[in-house]
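Chain by chain, the residues run as shown.
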Amino acid sequence: MTVNLEVAEGVGTLRLDRPPMNALDVATQDRLKELAEEATRRDDVRAVVIYGGERVFAAGADIKEMQNMDHTAMVLRARGLQDSFTAVARIPKPVVAAITGYALGGGCELALCADFRIAADNAKLGQPEILLGLIPGAGGTQRLPRLVGPSKAKDLIFTGRQVKADEALAIGLVDRVVPAAEVYEQAHAWAAKLAKGPAIALRAAKESVDTGLETDIDTGLAVERNWFAGLFATEDRETGMRSFVEEGPGKAKFR
């Protein structure tokens, strides 16, 4: 399989496994969508890590495969391409990308689907599609400017240049830079910590933020308001407030 889902300590690792560069061909895209939907459904998966291995995250689409596709073929495929990435972005649980080596093109777009990005100090990220006479097609023109702002996104998309980990951190493309040997360990630790949190409240927080970024503030506030009130019906809310009153903040153990 080109993508695997491994679960431990409440954390599901979506592991890309298509050597040597984890090129995202159609079969890999479809498998990614399948496993993202599985991670969404499974109660034993409470947080997710996206990982490409020790050497590379994902170097982009399979260019040889794409070279053989004409306009008609891509019209039929483009929605499937976007849907596979959107399935990752819509996992209603905390998702962290553990980025080693190259995250280019579709690899960068996959990292953009995570809530948090931890990069190796030797990582390189970018959207080089313009160098092929194309634009990003798996969400890059939409998710990248929402993350780093339109001018920085246009710089990367217009030039196709790669940025090293330190610049990626400075512009907000990644959230943490660590030694390459520690990337997965730190990503898993981040996910495992959140996996112990209140699952429904985390889902509410993620949906409220993501929806708010995609709509006007009044609609976003309505989503927040409905989730906020709705959480008063949950056992986790009772547990959290009781623990706060009796033991102080940060000691609640959620089921």
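Up top you'll find the structure we're talking about.
Residues numbered from 1 in each chain as written. Predicted model: local features only at pLDDT ≥ 70, side-chain atom pairs only at ≥ 80, totals over all residues. Heavy atoms only, no water.

Here we take up the packing of helix α5 (residues 140–148) against helix α6 (residues 150–159). Taken N-terminus to C-terminus, the directions of α5 and α6 make an angle of 135°; their axes are 7 Å apart at the nearest point. As far as their axial angle goes, α6 and α5 are oblique. Every pair of crossing elements has a handedness; the one defined by α5 and α6 is right-handed. Contacts between α5 and α6 pair Gly-140, Thr-141, Leu-144, Pro-145 and Val-148 from the former with Pro-150, Lys-152, Ala-153, Leu-156 and Ile-157 from the latter. Residues that form the contact of α5 with α6 fall into these classes: seven nonpolar, two polar and one charged. (Axes fitted to C-alpha atoms, helices over the stretch in contact; angles between N-to-C directions. Helix = DSSP H or I, 4+ residues; strand = E, 2+ residues; numbered from the N terminus. Parallel < 35°, antiparallel > 145°, perpendicular 65-115°, else oblique. Left-handed = near helix turned anticlockwise from the far one by under 90°. Contact = heavy atoms within 4.5 Å. Nonpolar A, V, L, I, M, F, W, Y, C, P; charged D, E, K, R; others polar.)

Residues Phe-57, Ile-99, Leu-125 and Leu-173 are the most contacted members of the largest nonpolar core, which totals 44 residues. Of all the elements, helix α3 (residues 71–89) adds the most residues to this core, at five residues. Those residues in contact with Leu-173 that lie beyond four places of it in its chain are Cys-108, Leu-112, Arg-117, Leu-125, Leu-144, Leu-147, Val-148, Leu-156, Val-163 and Ala-168. (Core = buried A, V, L, I, M, F, W, Y, C linked by side-chain atoms within 4.5 Å. Buried < 20%, exposed > 50% of the residue type's maximum accessible area, 1.4 Å probe, protein only.)

Attention now moves to the pairing of strand β6 (residues 116–120). Of all five residues that make up β6, five are buried, and the element is covered over most of its length. Side-chain alternation along β6 places Phe-116, Ile-118 and Ala-120 on one buried face and Arg-117 and Ala-119 on a second face that is also buried. Looking at chain direction, strand β4 (residues 95–99) and β6 are connected through four bridges and run parallel. Bridge assignment links Ala-98 to a residue of β6, and that residue is Ile-118. In the sheet, β6 pairs with strand β9 (residues 176–178) via three bridges, with the strands oriented parallel. When the sheet's bridge partners are listed, Ile-118 is paired in β9 with Arg-176. (Pairing = 2+ DSSP bridges.)

Our next topic: the pattern of salt bridges. Overall, the coordinates contain 12 salt bridges when judged by the stated rule. A salt bridge links Asp-25 to Arg-18, with the shortest nitrogen-to-oxygen separation between them at 3.3 Å. Here Asp-25 falls in the buried class, since its relative accessible area comes to 10%. Of the charged contacts, one joins Arg-255 and Glu-235 as a salt bridge, the two residues approaching to 3.0 Å between their closest N and O atoms. (Salt bridge = Lys/Arg side-chain N within 4 Å of Asp/Glu carboxyl O.)

Time to look at a nonpolar patch on the surface. Among the surface-exposed residues, Ile-63, Leu-132 and Leu-134 lie close enough to one another that they form a single nonpolar patch of about 260 Å² accessible area. Inspection of the secondary structure assignment puts Leu-132 in the loop between β7 (124–126) and α5. (Patch = residues over 30% accessible without salt bridge, like charges linked within 9 Å, V, L, I, M, F, W, Y side chains within 5 Å. Areas by Shrake-Rupley, 256 points an atom, 1.4 Å probe, with all protein chains shown as cover.)

Looking now at the sheet that holds strand β8 (residues 162–164). With mixed pairing, three strands are arranged side by side in an open sheet as β5-β7-β8. Two strands close off the open sheet at either side, each with one partner strand: β5 (102–104) and β8. When strand polarity is set aside, the average angle formed by the axes of neighbouring strands in this sheet is 20°. Where β5 meets β7, three bridges bridge the pair, whose relative direction is parallel. Note on β7: the bridge partner recorded for Leu-104 is Gly-126.

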